[in-house]
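Structural description and commentary
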Amino acid sequence: MRDYRNAKAMAKVLRDAFAEREQAIKQSEALEIVARQFGLANWNILAARIDGATESSAIAFEQAVPIVRIFDVAKAHEFYLGFLGFKVDWEHRYGDNFPLYTQISRGALRLHLSEHAGDATPGGNMVIYMKGIRTFHAELSAKNYRYMKPGLHDEGTRLELEVTDPFNNHMRFMEVTDA
């Protein structure tokens with residue numbers, strides 16, 4: 001699978017695909033599109049990231065994206081989009097009447113939701129470190145979501161807010177405090 005370091009090759013494939021349809025785009029336009037596909041504002045930001053990566057560099061881990069098992073798209077959207085405030089980045093199905101695989105995000109947090117039986121087990125648990133947990137708690141409380149009224153708990157060195165989605169997946173939001 002290609003990653004951001006293959007951006008120029010991806011832009012060339014994109015230009016070729018447009019050319020096959022007798023639609024020309026400039027190389028710079030293709031590079032901007034590729035940058036957006038990686039969630040970056042423009043090519044300059046992506047180019048800086050590419051310049052920082054070398055084939056001989058040390059091991060570097062990037063953000064993990066949990067896969068969360070869902071069974072009902074409408075219920076998942078009600079919870080993740082309506083209640084928690086995520087947005088849909090993209091959706092994929094292999095065809096009509098196939099299970100959904102989608103990415104949702106809020107800020108830098110990304111989650112993959114999947115109806116595919118083998119992707120994840122319902123009842124999972126994840127910890128999400130964040131800033132602004134008091135504001136997030138107030139936002140959730142104001143929504144008056146009928147299925148959940150999460151509390152904010154002071155655990156001494158951290159504040160925690162836990163929610164459980166309609167499929168029994170647990171999300172523990174944490175903000176480390178100075179206490």
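Just above sits the structure.
As a starting point, this report considers the structure included with it. Because the structure is a prediction, the values reported are computed rather than measured.

**Some thoughts on helix α5 (residues 133–143)**
Three or more residues of α5 are buried, namely Ile133, Phe136, His137 and Leu140. Looking straight down α5, one finds its buried side chains confined to an arc of 100°; they lie on one side. Those residues of α5 that are exposed and angled more than 90 degrees off the buried face are Arg134, Thr135 and Ala142. For α5, the elements touching its buried residues are α4 (73–83), β3 (101–106), β7 (158–164) and β8 (170–176). Among the residues trailing α5, Asn144 stands out with phi positive, at a value near 50°.

**Section: the packing of aromatic side chains**
Per the counting criterion, the structure on display carries 9 aromatic pairs. Ring centres of Phe79 and Tyr80 lie 4.9 Å apart, and the angle between their planes is 85°; on these two criteria the pair is classed as edge-to-face. Of the two residues examined, Phe79 and Tyr80, each falls in the buried class. Geometrically, the ring pair formed by Trp90 and Tyr101 is stacked, given 6.0 Å between the ring centres and 25° between the ring planes.

**Regarding the pairing of β7**
Two faces belong to every sheet, and in a regular strand the side chains alternate between them. Note: strand β6 (residues 153–154) against β7, 2 bridges, orientation antiparallel. Paired with His153 across the bridge in β7 is Glu160. The turn linking β6 back onto β7 is made up of 3 residues, and Gly156 within it adopts a positive phi angle of 90°. Sheet topology places β7 next to β8; 7 bridges connect them, and they run antiparallel. Within β8, the residue paired with Glu162 across the bridge is Arg172. The hairpin turn running from β7 into β8, its antiparallel successor, is 5 residues long, and Asn168 in that turn takes a positive phi close to 70°.

**Comments concerning the sheet that holds β6**
Strand-to-strand pairing in sheets goes through backbone hydrogen bonds, with the strands running parallel or antiparallel. The strand order β5-β8-β7-β6 describes an open sheet built from 4 strands, whose pairing is mixed. Of all strands in the sheet, those with a lone pairing partner are β5 (125–129) and β6, marking the two edges. With 5 bridges connecting them, β5 and β8 associate as parallel partners. In the sheet register, Ile128 faces β8, and the bridge partner there is Phe173. Its contacts with the sheet place α5 against β7 and β8, and it is angled at close to 30° to β7.

**Describing the layout of surface pockets**
Within this model, the second largest pocket holds a volume of roughly 200 Å³. For the second largest pocket, the full set of lining residues is Leu84, Phe86, Arg106, Ala108, Leu109, Ile128, Tyr129, Met130, Phe136 and Phe173. Across the lining of the second largest pocket, the residue classes tally to 9 nonpolar, no polar and 1 charged.

**Re unusual backbone geometry**
The backbone of Asn144 shows a phi angle near 50°, a positive value even though the residue is not glycine. Position of Asn144 among the secondary structure elements: in the loop between α5 and β6. Phi angles above zero are rare outside glycine, and Asn168 is one such case at about 70°. Along the chain, the position of Asn168 falls in the loop between β7 and β8. Here Asn168 falls in the partly exposed class, since its relative accessible area comes to 43%.

Calculation rules
- Residues numbered from 1 in each chain as written.
- Predicted model: local features only at pLDDT ≥ 70, side-chain atom pairs only at ≥ 80, totals over all residues.
- Heavy atoms only, no water.
- Buried < 20%, exposed > 50% of the residue type's maximum accessible area, 1.4 Å probe, protein only.
- Helix = DSSP H or I, 4+ residues; strand = E, 2+ residues; numbered from the N terminus.
- Arc of directions from axis to C-beta.
- Contact = heavy atoms within 4.5 Å.
- Phe/Tyr/Trp six-rings, centres within 6.5 Å; stacked < 30°, edge-to-face > 60°.
- Pairing = 2+ DSSP bridges.
- Axes fitted to C-alpha atoms, helices over the stretch in contact; angles between N-to-C directions.
- 1 Å grid on protein atoms, 1.4 Å probe; cavity = no way out; pocket = protein on both sides within 12 Å on 5 of 7 lines; lining within 4 Å.
- Points joined across faces, edges and corners; volume = space filled by probe spheres on them.
- Nonpolar A, V, L, I, M, F, W, Y, C, P; charged D, E, K, R; others polar.

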